[in-house]
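These are the residues of each chain, in order.
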Amino acid sequence: MRKSLAVLTLGVLSLGALASVGWKLLSREEPVLPEPAPPLLPAPPPVLAEREGVSVRFDLALSARPREATKGAPLQGTARFVLSDAKSGAPLQDRRVLGWMSLREPDAAPMDDAACKERVKTYLGGLLSARAEVDLNAYWFITLNHDQTLSVINPQISFDRTKLHSLVSVGGEVADWALLTDRSALYVTVPSGNSVSVVDLQRFLTTRTVRVGKSPGRVVVAPDGRTAWVSNDGDGTVSVIDTAAHAEEGTLEVGAGRHEVTFSDEGRTAWLTSTEADVLTAVDVASRKVLGTVQVGPGAGDVAWSPVARAVFVAQPRSNEVLVVDPASREVSRRIAVKPGLGALRFDRTGRWAFLLHSEAGTVDIIDAARSQVAHTLTGFSAPDSVVFTDAFAYVRNTSTGRVSLVELRTLEGAGTPSVVNVTMGQRAPEESRGLGRSDPIAALPEGNGVIVAGTADRALFLYQEGMMAPRGTHLNYGREPRAVLVLDRSLREVEAGTYSATTTVRENGTYDVAFLLDNPRAIVCMEWKVGGVPEDAAFAKKLPLKLTAGFDATRILTAGTTTPLRFKLEPTQGHGSPPVSPEEIRVLLFKTPGTWQLRTEPRRIAEGEFEVDFTPPSAGQYKFVVGVESRGIDLGRLPHFTFGVDEAPAPATASASEVHR
């Protein structure tokens, strides 16, 4: 079966010519429909506990899977903590909570309060050897790098300074990326391949390539999460991708050049600009039908929606204006004169304050959407190119210095000069890098009171907490320039009053000790939860699907500077019918403890199930060898790891005097 999408051919058209335009039908193969959501497994009733005047209720709902999919694969589910005052029953809102689940040994007794507190202390230490089977606080930093890769960094483990979880190849130079609403995948546009790479965020692998138009650039996910809109800068079109099927539904022709996209009316309408056309195009998101156009003149840049003004704001660099568009009448209702050299246009989280960056002039215009006028013009910036918001601050990156400028949002009210603080993030200016990219180089942290900054030229990430005058910490990016960064947050968050939830995976059946930490009042609770539901696979699931066998002597002392091949086997565990492992699935990590040296590599295949890597320790010390196979549900640290001792190379022997005279 095939289906068609009616697409309006716009080109460079005025509103009056709209009626004379014909429709172009683009046939597309019907995408494979996603499987229906699996049913929930039967679960025991919630467990209850009380500490420090706080009542804690916990439950875990897991999704059933076909029997053949269960073997070696984790179960997806949702964990929930419901907090209330033990006396009044009132929900405890706006609290910081942490949670873990650790699989109890078959004959072990439940933990008492002392053991519970000690267990939580070890988890807070972040040691790789003390990680819980289920971490309900997990989040990662993902960087978009200059070398066609994405780095996945776990900032929560104490792994000396080696925190790289995965390195993902996306198959070409990246223009932009977008995180799907359910955080299951990342869309990455690759202009050279006329494609969008789909990165699976459970396994951290590129699993699919979606063909789109020529030279895709910007990609934006619609608010309802069902579609992603891709600007094909090389052929004047915008592709619409079904995010459930990961397939292109059709293409809208909206004029040549670069395009920007925003959504209005709670996500029901998409607004598309084109640098070469003279119209702003309104599209119904549900039907993908063009609703009409607005004459804005050629060269339109960024576009943004303000729920406060109930209007679309369009940057128009050619006339040095920001146009305010009424979405109902589809007409320009107001023109706001601004400084020349218009760059990024972004609204804060409230939708009231729009920041318009002027890179060449080093200024920032701040537009009050409630009044449709420039409220402030700030100076003293150094080629600003991007702005990101938390609830309290706007973070403006300066590209010709290593500074990030923080504008305090509450000081924008009134006629006074807003508060601006400059914080140095790194030693080198971003413009010293190979390229800056189009995506955000700053991302807000899950806690809401800080950001992570991509130090592009410094090849590092800088962790900043609001109220400090310098970064709180630094994460290396292992020699790669991070052009953009985002936070993949799977931690517990409040979904309704007093209810804190996280999506998670459980790999094994059994009895778990559930540890819980509340910040205010300070309370630590441990409870018991049993995971089952697939009895025929219960014994099977207690084993990892693969067994690691070393083909080397880990007690042997190696020599610095000398290359030693390390051979190992990865074979299915008895009873697991797993297919043979390929080298592409395997991640080998070698690192020095303590120290910053690390090597993450893919092994070469010697025979079926047998692999080898070359190890050249740079200096004397102690090194660890760790193997992971994320595609089989085996993260780094779950298989046995090995420790090597390394001595310095012996100094060359000095010839004796008699030998010299011979």
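Nothing here was measured: the structure is a model prediction, and the numbers come from that model. (Residues numbered from 1 in each chain as written. Predicted model: local features only at pLDDT ≥ 70, side-chain atom pairs only at ≥ 80, totals over all residues. Heavy atoms only, no water.)

### So, the overall build of the protein
Here comes step 1: Check the secondary structure of the protein and you find 4 helices and 52 strands.
Here comes step 2: Restricting to contacts in the protein with at least 6 residues of sequence separation, those with at least 24 account for 53%. (Helix = DSSP H or I, 4+ residues; strand = E, 2+ residues; numbered from the N terminus. Contact = heavy atoms within 4.5 Å.)

### Some thoughts on the sheet that holds strand S15 (residues 216-221)
Here comes step 1: With respect to topology, 4 strands assemble into an open sheet ordered S15-S16-S17-S18, the strand pairing being antiparallel. On the outer flanks of this sheet lie S15 and strand S18 (247-253), each paired with one strand and no other. Within the sheet, the average angular offset between the axes of one strand and its neighbour, ignoring direction, is 25°.
Here comes step 2: One ladder, built from 6 bridges, connects strand S17 (residues 237-242) with S18; its direction is antiparallel. The residue bridging Val240 from the neighbouring strand is Gly250, located in S18. (Pairing = 2+ DSSP bridges. Axes fitted to C-alpha atoms, helices over the stretch in contact; angles between N-to-C directions.)

### Observations concerning the nonpolar core
Soluble globular proteins tend to bury their nonpolar side chains together.
Here comes step 1: Phe58, Leu60, Phe81 and Leu83 are the most contacted members of the largest nonpolar core, which totals 28 residues.
Here comes step 2: Counting only elements with at least two residues in this core, the list comes to strand S4 (54-62), strand S5 (75-85), strand S6 (97-103), strand S41 (499-506), strand S42 (510-518) and strand S43 (523-531).
Here comes step 3: In contact with Leu60, not counting residues within four places along its chain, are Ala43, Thr78, Ala79, Met101, Thr504, Val506, Trp529 and Val531.
Here comes step 4: Counting 25 residues, the second-largest nonpolar core is a separate cluster that includes Ala560, Leu566, Phe611 and Phe625. (Core = buried A, V, L, I, M, F, W, Y, C linked by side-chain atoms within 4.5 Å. Buried < 20%, exposed > 50% of the residue type's maximum accessible area, 1.4 Å probe, protein only.)

### Notes on the side chain of Ser239
Here comes step 1: When you line up the elements, Ser239 lands in strand S17.
Here comes step 2: At a separation of 2.8 Å, a polar atom in the side chain of Ser239 contacts the side chain of Asn232.
Here comes step 3: Looking at Ser239, its side chain comes within polar contact range of the side chain of Glu248, at 2.7 Å.
Here comes step 4: Look past the residues within four positions of Ser239 in its chain and what remains in contact with it is Val212, Gly213, Ala228, Trp229, Val230, Asn232, Glu248, Gly250 and Thr251. (Polar contact = N/O pair within 3.5 Å; in protein donor to acceptor, adjacent residues only side chain to side chain.)

### Considerations on the side chain of Ser491
Here comes step 1: As for its placement among the helices and strands, Ser491 is situated in the loop between strand S39 (482-489) and strand S40 (493-496).
Here comes step 2: A polar side-chain atom of Ser491 sits 2.5 Å from a polar atom in the side chain of Asp489.
Here comes step 3: Sequence-distant contacts of Ser491, defined by excluding residues within four places in its chain, comprise Leu136, Asn137, Ala138, Pro446, Ser501 and Ala502.

### Describing the pattern of salt bridges
Here comes step 1: In total, this model carries 31 salt bridges according to the counting rule given.
Here comes step 2: Residue Asp176 is joined to Arg218 by a salt bridge in which the shortest nitrogen-to-oxygen separation is 3.4 Å. Placement of Asp176 in strand S11 (residues 176-179) and of Arg218 in strand S15 is noted, with a sequence separation of 42 residues between them.
Here comes step 3: Asp176 sits in the buried class, given a relative accessible area of 3%.
Here comes step 4: Relative accessible area serves as the criterion here: at 14%, Arg218 is assigned to the buried category.
Here comes step 5: Each of the salt bridges in this network shares a partner with another, and the network as a whole consists of Asp176, Arg218, Asp233, Arg258, Glu260 and Arg438. (Salt bridge = Lys/Arg side-chain N within 4 Å of Asp/Glu carboxyl O.)

### Some thoughts on the state of the cysteines
Here comes step 1: A complete count under the given rule lists 1 disulfide for this structure.
Here comes step 2: In this model, Cys116 is linked to Cys526 through a disulfide, with the two sulfur atoms separated by 2.1 Å. Between Cys116 and Cys526 the sulfur-sulfur dihedral comes to about 85°; the bridge is accordingly right-handed. A residue pair is termed long-range when its members are at least 10 positions apart, and Cys116 in helix H2 (residues 113-125) and Cys526 in strand S43 qualify at 410 residues.
Here comes step 3: Using a relative accessible area of 17% as the deciding quantity, one classes Cys526 as buried. (Disulfide = S-S within 2.5 Å.)

### Section: the confidence of the model for the protein
Here comes step 1: With 86% of its residues at a pLDDT of 70 or more, the protein shows a mean pLDDT of 85.
Here comes step 2: Taken as a whole, residues 1-36 scores under 50 in pLDDT and shows 71 contacts with residues more than four places along the chain or in a different chain.
Here comes step 3: Here residues 66-72 is a poorly scored stretch, pLDDT under 50, and it has 11 contacts once near neighbours within four places are set aside; other chains count. (pLDDT = per-residue confidence, 0-100.)

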